[in-house]
Amino acid sequence: TLFRSRSLRKETVSDAVADVLAGEAEYAVIPQENTLGGPVTGYLDALIAAEDISVVGEVVLPICQTLMAVPGTRIADITTVCSHSQGLAQSARWREENLPNAQTREMSSTAAAASFVADQQDKSLAAVAAPGAAALYGLEVLAENVQITDTNKTRFYVLSLRPAEGEDLTHAVFVATCDAERIDDILIALHDTELETVALHDRPEGSRLGMYHYVIEAKNDTGISDTQIRDVCAEEGVRFLGRFRAVDAAAEPTGIRAEEPVQVGLAEAA
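Residues numbered from 1 in each chain as written. Predicted model: local features only at pLDDT ≥ 70, side-chain atom pairs only at ≥ 80, totals over all residues. Heavy atoms only, no water.

## Let's talk about the overall build of the protein chain
At step 1: In terms of helices and strands, the protein chain carries eight helices and 14 strands.
At step 2: The burial tally for the protein chain puts 50% of its 270 residues in the buried class.
At step 3: Partitioning the intrachain contacts of the protein chain with sequence separation of at least 6 by distance along the chain shows that 78% fall at a separation of at least 24.
At step 4: Accessible surface computed for the protein chain: about 12500 Å², of which carbon and sulfur atoms make up 45%. (Helix = DSSP H or I, 4+ residues; strand = E, 2+ residues; numbered from the N terminus. Buried < 20%, exposed > 50% of the residue type's maximum accessible area, 1.4 Å probe, protein only. Contact = heavy atoms within 4.5 Å. Areas by Shrake-Rupley, 256 points an atom, 1.4 Å probe, with all protein chains shown as cover.)

Below, the structure is given as structure tokens:
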């Protein structure tokens, strides 16, 4: 039901998070990690900075990338390909084989790239974006499935001001701010509370070398208890970001159309 809510398109994750903080949207959905491109670092930074927001859900979606341009464009006309850094990374092999001389232009999202190409009406430009963006912005699809592999997936976090409650929820996210030498102690603390590490991403803390924010996702298939959360947060520098259930839409059909940009009062998908 969450993804059937009315959508508010936003240019950036920061805008989507701001809407939730202002009460203008109940949820924001942000890309967090991609099979090919790895962590979506700018979006992780927005999550770390949003201290009053909780992660209340996770959806893993298969990602199909498409090359699109203004109608009448030929692939031979293209000299610049626009996309989010993830879209560029995911289509790198296809571009090397089919557009070896084309330059790239990084945009804030794949949808923003499609919008830009539509606005410019320039046949030397193309965008790599989800297929649904072509219909949305009046572009013509020149090539389908330009991602490196059919196993391309993105993990999306659902954010809200209202934390999800219940000890039957199987996943949790923490932020640990510490020196690199201390992260082993925190991971051991997770293990000691019978939580399994799912993902670990580091971002520079900004004050000095060797100091990082670590975004840690953990799970316990039988549910994560209040006691486990307290024990992990007892470690110095650890902050709890929320617990939730995770859904793999490729394995568990949810009615979400993976080929369309996903947003719920929130940012354009990468």
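## Some points on the nonpolar core
At step 1: Judged by nonpolar contacts, the single largest core of 23 residues is most densely connected at Leu47, Val55, Tyr157 and Leu159.
At step 2: Secondary structure elements with two or more residues in this core: helix H1 (13–21), strand E1 (28–34), helix H2 (41–49), strand E9 (153–160), strand E10 (171–179) and strand E13 (238–244).
At step 3: Per element, the largest residue contribution to this core is five residues, and it comes from H2.
At step 4: Aside from chain neighbours lying at most four places away, what touches valine 55 is Leu47, Tyr157, Val158, Leu159, Leu241, Gly242, Arg243 and Phe244. (Core = buried A, V, L, I, M, F, W, Y, C linked by side-chain atoms within 4.5 Å.)

## Side note on the environment of alanine 25
At step 1: Structurally, alanine 25 is set in the loop between H1 and E1.
At step 2: Judged by its relative accessible area of 13%, alanine 25 falls in the buried class.
At step 3: Residues alanine 25 and leucine 161, spaced 136 residues apart in sequence, show a C-alpha to C-alpha distance of 9.7 Å.

## Considering unusual backbone geometry
At step 1: With phi around 50 degrees, glutamine 121 is a residue other than glycine that occupies positive phi space.
At step 2: Here glutamine 121 shows up in the loop between helix H5 (110–120) and strand E7 (125–129).
At step 3: Of note, glutamate 194 is a non-glycine position whose phi angle comes to about 70 degrees, a positive value.
At step 4: Take glutamate 194: it is sitting in the loop between helix H7 (183–192) and strand E11 (196–204).

## Details of the confidence of the model for the protein chain
Low pLDDT marks stretches whose predicted atomic positions should not be read closely.
At step 1: Residues with a pLDDT of 70 or more make up 89% of the protein chain, whose mean pLDDT is 87.
At step 2: Note on residues 253–270: pLDDT is under 50 here. Beyond four places in sequence and across chains, it has 63 contacts. (pLDDT = per-residue confidence, 0-100.)

## A closer look at the pattern of salt bridges
At step 1: Counted according to the given criterion, the structure contains twelve salt bridges.
At step 2: We note a salt bridge from glutamate 26 to arginine 162, for which the minimum N-O separation is 2.8 Å. Taken as a pair, glutamate 26 in the loop between H1 and E1 and arginine 162 in the loop between E9 and E10 lie far apart in primary sequence, 136 residues in all.
At step 3: Judged by relative accessible area, arginine 162 falls into the exposed class, the value being 53%.
At step 4: For aspartate 221, the salt bridge is made with lysine 219, and the minimal N-O distance between the two is 4.0 Å.
At step 5: Aspartate 221 sits in the exposed class, given a relative accessible area of 61%. (Salt bridge = Lys/Arg side-chain N within 4 Å of Asp/Glu carboxyl O.)

## Looking at the sheet that holds E11
In any sheet, the strands associate via hydrogen bonds between backbone groups, in a parallel or an antiparallel arrangement.
At step 1: One open sheet accounts for four strands, arranged E11-E12-E10-E13; its pairing is antiparallel. Either end of the sheet is taken by a strand with one partner, and the two such strands are E11 and E13. Each neighbouring strand pair of the sheet contributes to a mean axis angle of 20 degrees, computed without reference to strand direction.
At step 2: Where helix H8 (residues 226–233) meets the sheet, it contacts E10 and E13, and its direction lies at approximately 155 degrees from that of E13. (Pairing = 2+ DSSP bridges. Axes fitted to C-alpha atoms, helices over the stretch in contact; angles between N-to-C directions.)

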